[in-house]
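# Fold and geometry: a report
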Amino acid sequence: MKSVSMEVIVQALSCLVSVAAVHAAESDYGAAAVSVALSQEASFTVNDMLHWAAEDEYLAHGEYAAIINKFGSMRPYANIMAAEAQHLSWLRDEYKSRGLSFPSDQSAAHVVVPMDLKSAAQTGVDAEIANIAMYESFLSRPELSRPENATVKDLFERLMRASENHLKAFKNQLFRY
């Protein structure tokens, strides 16, 4: 992974606040909450990062489920929704290994259902861009260089790679419209 300065990440995430608004109705959940925390230079912990990651994975799962509910089961939404469930499972495992309670799914209050399939594809693109930026910001944090956080760093790297693949799928879907 390329080394990226915190300033560049904060700027990228600040730009994504509007993108994340499509992805989340409020800025206090998932990647949007991370963007706000970074823009305010707030301190946060590895547990905070894990919590925001769980929220963002719940949100993605919920949005893709809502899209399927509205438009029917189709690729890439069904496949990626199943992947999001796997991502939540990975996060649950990390929570369990740390002796933490896994957060409950509060994403329903933040899901925005697109009006049409082109908007749905754009929602997927925007959501995955915000998700990738969130994981990039986490991976740049010095806390993840500590040996006790090696499994979290690995988890965030896997989740970011998955989001990069999802982004490609949603871009392909968007180009169809």
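Cut-offs and rules
Residues numbered from 1 in each chain as written. Predicted model: local features only at pLDDT ≥ 70, side-chain atom pairs only at ≥ 80, totals over all residues. Heavy atoms only, no water. Core = buried A, V, L, I, M, F, W, Y, C linked by side-chain atoms within 4.5 Å. Buried < 20%, exposed > 50% of the residue type's maximum accessible area, 1.4 Å probe, protein only. Contact = heavy atoms within 4.5 Å. pLDDT = per-residue confidence, 0-100. Helix = DSSP H or I, 4+ residues; strand = E, 2+ residues; numbered from the N terminus. Phe/Tyr/Trp six-rings, centres within 6.5 Å; stacked < 30°, edge-to-face > 60°. Lys NZ or Arg CZ within 6 Å of the ring centre and 35° of its normal. Salt bridge = Lys/Arg side-chain N within 4 Å of Asp/Glu carboxyl O. Expected span 1.5 Å × (residues − 1). Arc of directions from axis to C-beta.

Before going further, it helps to spend a moment on the nonpolar core. Phe138 and Phe156 are the most contacted members of the largest nonpolar core, which has 39 residues in total. When neighbours within four sequence positions are excluded, Phe138 is seen to be in contact with Val34, Phe44, Met49, Trp52, Ala53, Leu144 and Phe156.

This part takes up the confidence of the model for the chain. Parts of the prediction with low pLDDT should not have their coordinates interpreted in detail. Per-residue pLDDT for the chain has a mean of 87; in total, 85% of the residues score no lower than 70. Within the chain, the lowest mean pLDDT, 45, falls on helix α1 (residues 6–23), and the highest, 96, falls on helix α6 (residues 150–175).

On to the packing of aromatic side chains. Counted by the stated rule, this structure contains 8 aromatic pairs. Here the aromatic rings of Phe44 and Trp52 are separated by 5.0 Å at their centres, their planes lie at 75 degrees, and the arrangement is edge-to-face. Taken as a pair, Phe44 and Trp52 share a single burial class, namely buried. On the basis of an interplanar angle of 40 degrees and a centroid distance of 5.5 Å, the ring pair of Tyr77 and Phe170 is categorised as tilted. In this pair, Tyr77 sits in helix α4 (residues 77–97) while Phe170 sits in helix α6, placing the two residues 93 residues apart along the sequence. You can call Tyr77 buried: its relative accessible area is 0%. Each residue in the set Tyr58, Tyr95 and Phe102 is aromatic and connected to the rest through ring pairs, giving one cluster. The cationic tip of Arg141 hangs over the ring face of Phe44; the distance from NZ or CZ to the ring centre is 4.0 Å.

Where charged atoms from two side chains of opposite charge come close, those side chains can pair. With the rule as written, the count across this model stands at 3 salt bridges. Where Arg98 meets Glu94, a salt bridge forms, and the shortest distance between an N and an O atom there is 2.8 Å. Relative accessible area serves as the criterion here: at 7%, Glu94 is assigned to the buried category.

Quick look at helix α2 (residues 30–39) now. The buried fraction of α2 is high, at 8 of 10 residues. Within the sequence span of α2, burial applies to Gly30, Ala31, Ala32, Ala33, Val34, Ser35, Ala37 and Leu38.

Quick look at the environment of Ile67 now. Tracing the backbone through its elements, the reader meets Ile67 in helix α3 (residues 46–71). Relative accessible area serves as the criterion here: at 0%, Ile67 is assigned to the buried category. With 53 residues separating them in the primary sequence, Ile67 and Ala120 have C-alpha atoms 6.8 Å apart. If we skip the residues at most four places from it in the chain, Ile67 touches Gly72, Tyr77, Pro114 and Ala120.

Attention now goes to α4. With 21 residues, α4 extends 30 Å from end C-alpha to end C-alpha; this agrees with the ideal 30 Å at 1.5 Å per step. Turning to α4, its buried residues are Tyr77, Ile80, Glu84, His87, Leu88, Leu91, Glu94 and Tyr95. Buried residues of α4, seen end-on, are gathered within an arc of 115 degrees and therefore sit on one face of the element. Residues Lys96 and Ser97 are exposed on α4 and point more than 90 degrees away from its buried face. Residue Gly99 follows α4 closely and has a positive phi angle near 70 degrees.

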